[in-house]
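Structural features, examined
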Amino acid sequence: MNNIPNYYNNIDLILDEIWSLLQRGVADRNEDFRLPVVIVSTTDSAEGRIVVLRGAFKDKNILRFHTDFRSSKIKNLKENKKIYFVFYNKKRKIQVRAEGVAIVHKDNEITKEAWTKTQMMSRKCYLSPQAPGDFINDSASDLSKDMGNEIPTYEQSEMGYKNFCVIESKIKSFEWLYLASQGHRRAKFMLDENKSTWLVP
Ligand SMILES: Cc1cc2nc3c(=O)[nH]c(=O)nc-3n(C[C@H](O)[C@H](O)[C@H](O)COP(=O)(O)O)c2cc1C
């Protein structure tokens, strides 16, 4: 068999591969794992959306992304803290699903540090006077009518901090799927119990 990666039949190598792909996603905007789908659900709804992966901390089993505190995912997370991520690397044919529990950070040391490192263009996302998902009569929000393509000044951008939050997700399990013509491979990792098992793909 040609081009078979080391982890094909070796479950002990897969967890490191997962964290390596996640960390590359944080560092490199061209990596597929940079843009996971994040799903949160309540008793009568489930909603998924793409976010930018901003942190992957292997020592603490934590994934991190940034969002607007006024967005519907925050309302849903207040009802149900369970959170799910789906990643797919097309070239490597690897899907990773992560299941965790979300912690919403608002105006604390973690948000201050993350905000300081957030570029002006990204800070612009937090400047709208309306909440994400609010109904509007026009195609543009008040913010985009006012600012157009402009990048906010540092002073203008600071107004966005009140809407900024960091979601940290304590990952409880990963599920791995590797697609291969000679046979797919699927495995599950229960992080709290430090256990892993192969699954039928
Ligand atoms: C490529 C891409 C990256 C995105 N990154 C983020 C992000 O890091 N954080 C975020 O809150 N929304 C991000 N979004 C927007 C979300 O997908 C979603 O539309 C938005 O957060 C609305 O919030 P809601 O799903 O809670 O209503 C991104 C969308 C795309 C297409």
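Below you will find a few notes about this structure.

**Digging into the site of the ligand**
Every residue near the ligand is listed here: Leu35, Arg49, Ile50, Val51, Val52, His66, Thr67, Ser71, Ser72 and Lys73. Within the backbone of His66, one N or O atom sits 2.8 Å away from a nitrogen atom of the ligand. Side-chain polar atom of Ser72 to an oxygen atom of the ligand: 3.1 Å apart, as the coordinates give it. Taken by itself the ligand offers 610 Å² of open surface, and the protein chains cover 58% of this. Counting only elements with at least two residues in the shell around the ligand, the list comes to β2 (45-50), β4 (62-68) and α2 (72-79). Of the residues assigned to the shell around the ligand, the class counts are 4 nonpolar, 4 polar and 2 charged.

**As for the state of the cysteines**
Tallied over the full model, the rule gives 0 disulfides. Counting only cysteine sulfurs, Cys165 is the nearest neighbor of Cys125, a cysteine outside any disulfide, at a range of 13 Å. Here Cys125 falls in the exposed class, since its relative accessible area comes to 57%. Look at Cys165 and you get buried, because its relative accessible area is 0%.

Calculation rules
Residues numbered from 1 in each chain as written. Predicted model: local features only at pLDDT ≥ 70, side-chain atom pairs only at ≥ 80, totals over all residues. Heavy atoms only, no water. Near = heavy atom within 4 Å. Polar contact = N/O pair within 3.5 Å; in protein donor to acceptor, adjacent residues only side chain to side chain. Areas by Shrake-Rupley, 256 points an atom, 1.4 Å probe, with all protein chains shown as cover. Helix = DSSP H or I, 4+ residues; strand = E, 2+ residues; numbered from the N terminus. Nonpolar A, V, L, I, M, F, W, Y, C, P; charged D, E, K, R; others polar. Disulfide = S-S within 2.5 Å. Buried < 20%, exposed > 50% of the residue type's maximum accessible area, 1.4 Å probe, protein only.

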